[in-house]
Amino acid sequence: GMFVSAMIYRPLSATAETPAPLVVVSHGGANHKEMQDMNAVELSRRGMVVISVDRYYHGESSAATVGFNDTMSSAVTAMVAAVEYGYGLNYVDNTKIGVTGHSMGGGYSDKTTNYYTSLELEALENGATPEEAAKLNKIAAALIVGNVPSNLASVAPYRAEVGVIAGEYDEFFIVTVGDSLAGFFSHPTIKSLATLQAGAAIPEGALEEGKRYENPETGYGITFWRPREIHPWNHFSKTSCGYGIEFFTEALGAPNPIDSGNQIWQLKEAFNLVGLIGFFLLM
């Protein structure tokens, strides 16, 4: 059968009496759940519950019942499984669930948000009340790192807050949307994605980095960040980590707010390195 391997970071402050926001995090292709240590450490320090998943076909999770390519384009993702699991935990405030991931994991965050917004819209079409429909949508915020919300077109706007971290020197963006800062923020693809999410709030000219554009009808917005980073550096970056902290603190609320510049995840990575050296010495 299918199973998902995951790590749960549960702050001591997250209890049935004081449930906390949840963020589900996902690694990129050919990677594993420890690659999200940075987000797991920093978001849980701020009182949020974090579930870091191994994708199907990765790490310690099983293969899926469908082919690898089908997991890229369907609701059959480990992220949806983790959202469903986290939704039922009594120490999670299930009105405040966020998702984030890097690269392929950013794509999964986009797909997952698309999936849950679709459930809400389908319910509305089938005569559900807005309150009933909204209950089916379990995602309140999605931060897409090293990728873009390319699935917006089918169900725009998402009924969730959206953030996008797109490194200036990210090889994927250089190929797809131009290699200059100005080029990215006025690129037709990026402008159209922004317009799909924020509607009339998007201006004529180039977008501004770090500016939140709020959709006047849904109340949800979209924000783009463009750190001076290559693609793999996104998940070892104090800058990108800071943007993530600020995004989820703003979108979900942090039970234990700490300045975004205050980060200790580097210590975890240092101990990982020591462990790795020890492993090779042992061999």
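Residues numbered from 1 in each chain as written. Predicted model: local features only at pLDDT ≥ 70, side-chain atom pairs only at ≥ 80, totals over all residues. Heavy atoms only, no water.

Chemist: Just checking my understanding: could you explain the pattern of salt bridges for this structure?
Modeler: Tallying each qualifying case throughout the model produces nine salt bridges. In this structure, Arg46 engages Glu42 in a salt bridge whose closest nitrogen and oxygen atoms are separated by 2.8 Å. A single burial state applies to Arg46 and to Glu42, both of which are buried. Residue Glu84 pairs with Lys138 through a salt bridge whose shortest N-O separation is 2.7 Å. Taken together, the residues Glu84 in helix H3 (residues 78-87) and Lys138 in the loop between helix H5 (130-136) and strand E5 (141-145) connect sequence positions 54 residues apart. By relative accessible area, Lys138 is classed as buried at 16%. When salt bridges with common partners are traced through the structure, they connect Lys33, Asp54 and Glu60 into a single cluster. (Salt bridge = Lys/Arg side-chain N within 4 Å of Asp/Glu carboxyl O. Buried < 20%, exposed > 50% of the residue type's maximum accessible area, 1.4 Å probe, protein only. Helix = DSSP H or I, 4+ residues; strand = E, 2+ residues; numbered from the N terminus.)

Chemist: Looking at this model, I keep getting lost on the packing of H3 against helix H4 (residues 104-125). Mind explaining?
Modeler: Any two packed helices are characterised by how steeply their axes cross, that is the angle between the axes, and by the distance between the axes. For the pair H3 and H4, interaxial distance at closest approach is 9 Å and the crossing angle is 55°. One way to sum up the angle between H3 and H4 is to call them oblique. The handedness of the crossing between H3 and H4 comes out as right-handed. Contact residues: Met79, Val80, Val83 and Glu84 in H3; Gly105, Tyr108, Ser109, Thr112, Tyr115 and Tyr116 in H4. (Axes fitted to C-alpha atoms, helices over the stretch in contact; angles between N-to-C directions. Parallel < 35°, antiparallel > 145°, perpendicular 65-115°, else oblique. Left-handed = near helix turned anticlockwise from the far one by under 90°. Contact = heavy atoms within 4.5 Å.)

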